[in-house]
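Observations on the model geometry
The primary structure of each chain is shown beneath.
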There are 2 protein chains.
Amino acid sequence: MGTRGLTKEKIVAEAVAYIELTEQPIISLHELARRLDVKPPSLYNHIQNTKELQYAVFQYAIDHLVAHQRNAVAQLKGDEAVRAFSRSYLAFATAHKGLYRLIMTMPSEQDEQAKEMALPLLDLVIELLSSYGLRTDDIAHWQRVLRAILHGFLSQEDLGYFYYYNSIDLEKSRELAVQCFLDGLHTFLNQMCKA
Amino acid sequence: MGTRGLTKEKIVAEAVAYIELTEQPIISLHELARRLDVKPPSLYNHIQNTKELQYAVFQYAIDHLVAHQRNAVAQLKGDEAVRAFSRSYLAFATAHKGLYRLIMTMPSEQDEQAKEMALPLLDLVIELLSSYGLRTDDIAHWQRVLRAILHGFLSQEDLGYFYYYNSIDLEKSRELAVQCFLDGLHTFLNQMCKA
DNA sequence: ATTACGAAACTAATGGTGTTAGTTTGTCAA
DNA sequence: TTGACAAACTAACACCATTAGTTTCGTAAT
């Protein structure tokens, strides 16, 4: 009894490992304790509650996603950057289903802390779109649109809404979606120039 | 004891009422039993398990969403129809947050039954896009794109990802997203004509 | 080296969830 | 009137999160 080398870091690491393995965004404290060879209440010496654990894993997920994305768009600009971002965004979600599912379900309108954690992801897209010469609030609008398309696509895919008609090439749909965004953006830019 | 007038219909109706009230997509059998003034096991005389109840509520939600949408696009075609569909889709999700959250979380890649229930929603969009003269599989592609945009937008909104930069007008973002879809589609159609 | 203290583990318990088995009750038809 | 069946019940189990109170062990001070 007494002291084992348990730390918050180890707990979070095990939770992440489990989530990556099962592709489910959650792990119960009981299961986690089992895997760490400890009784459930012992975890409370290192974390406050389930919510805090969720936050920690969420932070991990966001950090990795953003790092992944920054790496993908490094030194790219304009359409190239948007395409690279989109490809790698979809790739991350596929490779880390559990983590992306968490990102996809974690924050809530009410939860200020989670929303703040997610900010870097928004900022990245803002940067990405800043080379198009848009007005500040139009950048914010188009950032919403791009993220809506990518996230919506992944979400539908994950929920199985693409199952039917699934003889239809998924990869092509993805490219079409990104192209749609770019065409929409270009149309907007052209009309802006005229006016 | 003995027989009270409990039926599956009443159970589902109460579940729906609760979901509409709380805006949460789930209700526990205990809570449901409490509200029906019955002990939890009694519910099992009318439903098999939680899953079946979920299915029933999901069916209700899909039915209402589709009816709502069909009503909105009746006798419209082309861009008009897409715009009307989008407006009313977003309106439904706002007015019935709990039900839409269920639609947004219920199906799963693995769950054939739920996916089949959701089909009418896909078919509706397919119909909507059939007046553009697209090839059959392009209709399926663009159906995915439209649904991805709308669902992605709602999901982000619901998750609070639009909170920051939220001085930015939400309504304008929505219109921009739909316009982006239409511009993307038109660009695609123009290029199809040329070739 | 001993002691004392605090952190980290534990046991025990509460209350929530879904679900099953076995029992009672009430109604309707024979 | 009685018997059978459906619909309610009680009791119980397994899983979960969490809290209170207890033991243990390592470390730091005497």
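The coordinates are above.
Residues numbered from 1 in each chain as written. Chains lettered and ligands numbered in written order. Predicted model: local features only at pLDDT ≥ 70, side-chain atom pairs only at ≥ 80, totals over all residues. Heavy atoms only, no water.

Moving on, we get to the protein's contact with DNA strand C. Near DNA strand C there are 21 residues, and of these Arg4(A), Ser42(A), Asn45(A), His46(A) and Thr50(B) occur at the shortest range. At a separation of 2.5 Å, a phosphate oxygen of DNA strand C approaches a polar side-chain atom of His46(A). In the model, a phosphate oxygen of DNA strand C is placed 2.5 Å from a nitrogen or oxygen of the Thr50(B) side chain. With three residues, helix α2 (residues 29-35) of chain B is the largest single contributor of residues to the surface near DNA strand C. Tallied by class, the residues present in the surface near DNA strand C amount to eight nonpolar, 10 polar and three charged. (Near = heavy atom within 4 Å. Polar contact = N/O pair within 3.5 Å; in protein donor to acceptor, adjacent residues only side chain to side chain. Helix = DSSP H or I, 4+ residues; strand = E, 2+ residues; numbered from the N terminus. Nonpolar A, V, L, I, M, F, W, Y, C, P; charged D, E, K, R; others polar.)

On to helix α1 (residues 8-22) of chain A. Residues and elements named next belong to chain A. If you check α1, its first and last C-alpha atoms are 21 Å apart, about what 15 residues at 1.5 Å a residue would give, namely 21 Å. All of the buried residues in α1 are Ile11, Val12, Ala15, Val16, Tyr18 and Ile19. Viewed along the axis of α1, the buried residues span an arc of 160 degrees, placing them on a single side of the element. Turned more than 90 degrees off the buried face of α1, the exposed positions are Glu9 and Leu21. Packing partners of the buried residues in α1 comprise α2 (29-35), α3 (50-73) and α5 (97-105). (Expected span 1.5 Å × (residues − 1). Buried < 20%, exposed > 50% of the residue type's maximum accessible area, 1.4 Å probe, protein only. Arc of directions from axis to C-beta. Contact = heavy atoms within 4.5 Å.)

Here we take up the side chain of Asp138(B). For Asp138(B), the location among the structural elements is in helix α7 (residues 136-159). The contacts of Asp138(B), once residues within four sequence positions are left out, are Lys172(A) and Phe188(B).

Let's shift gears to the pattern of salt bridges. Residue and element names in this part refer to chain A. By the definition in use, this model includes 32 salt bridges over all chains. Ionic pairing is found between Lys51 and Asp111, a salt bridge with its closest N-O pair at 3.8 Å. One end of the pair, Lys51, is in helix α3; the other, Asp111, is in the loop between α5 and α6 (112-129), and 60 residues separate them in sequence. Overall, Asp111 belongs to the buried group, its relative accessible area being 12%. For Asp137, the salt bridge is made with Arg135, and the minimal N-O distance between the two is 3.2 Å. When its relative accessible area of 26% is taken as the criterion, Asp137 is described as partly exposed. Classification of Arg135 by relative accessible area gives partly exposed; the value is 47%. (Salt bridge = Lys/Arg side-chain N within 4 Å of Asp/Glu carboxyl O.)

Let us now look at the nonpolar core. Judged by nonpolar contacts, the single largest core of 144 residues is most densely connected at Phe58(A), Trp142(A), Phe181(A), Phe58(B), Trp142(B) and Phe181(B). Sequence-distant contacts of Phe58(B), defined by excluding residues within four places in its chain, comprise Tyr161(A), Leu102(B), Ile103(B), Met106(B), Pro107(B), Ala114(B), Met117(B) and Ala118(B). (Core = buried A, V, L, I, M, F, W, Y, C linked by side-chain atoms within 4.5 Å.)

With that settled, the discussion passes to the packing of α5(A) against helix α7 (residues 136-159) of chain A. All names here are of chain A. Look at α5 against α7: their axes get within 12 Å of each other, and the N-to-C directions meet at 115 degrees. Taken as a pair, α5 and α7 cross one another with a handedness that is left-handed. Seen from α5, the contacting residues are Lys97, Tyr100, Arg101 and Met104; seen from α7, they are His151, Leu154, Ser155 and Asp158. Looking at the contact of α5 with α7, its residues break down into three nonpolar, two polar and three charged. (Axes fitted to C-alpha atoms, helices over the stretch in contact; angles between N-to-C directions. Left-handed = near helix turned anticlockwise from the far one by under 90°.)

Here we take up the relation of the copies chain B and chain A. Screw-axis analysis of chain B against chain A gives a translation of 0.0 Å along the axis, an RMSD of 0.0 Å, and a rotation angle of 180 degrees. On this basis, the relationship between the two copies can be described by a two-fold rotation axis. Across chain B, the smallest distance between a C-alpha and the rotation axis is recorded for Gly152(B), namely 1.7 Å. In this assembly, 100% of the residues forming the interface of chain B have copies in chain A that are likewise at the interface, indicating an isologous arrangement. (Least-squares fit on C-alpha atoms with pLDDT ≥ 70 in both.)

Turning our eyes to something else, we now look at the packing of α3(A) against α5(A). Residue and element names in this part refer to chain A. At a closest axis distance of 9 Å, the pairing of α3 and α5 adopts a crossing angle of 110 degrees. Classified by the angle between their axes, α3 and α5 sit roughly perpendicular to one another. Contacts between α3 and α5 pair Gln54, Val57, Phe58, Tyr60, Ala61, Ile62 and Leu65 from the former with Leu99, Tyr100, Leu102 and Ile103 from the latter. Split into classes, the residues belonging to the contact of α3 with α5 amount to 10 nonpolar, one polar and no charged. (Parallel < 35°, antiparallel > 145°, perpendicular 65-115°, else oblique.)

Just distances and angles here, no functional claims.
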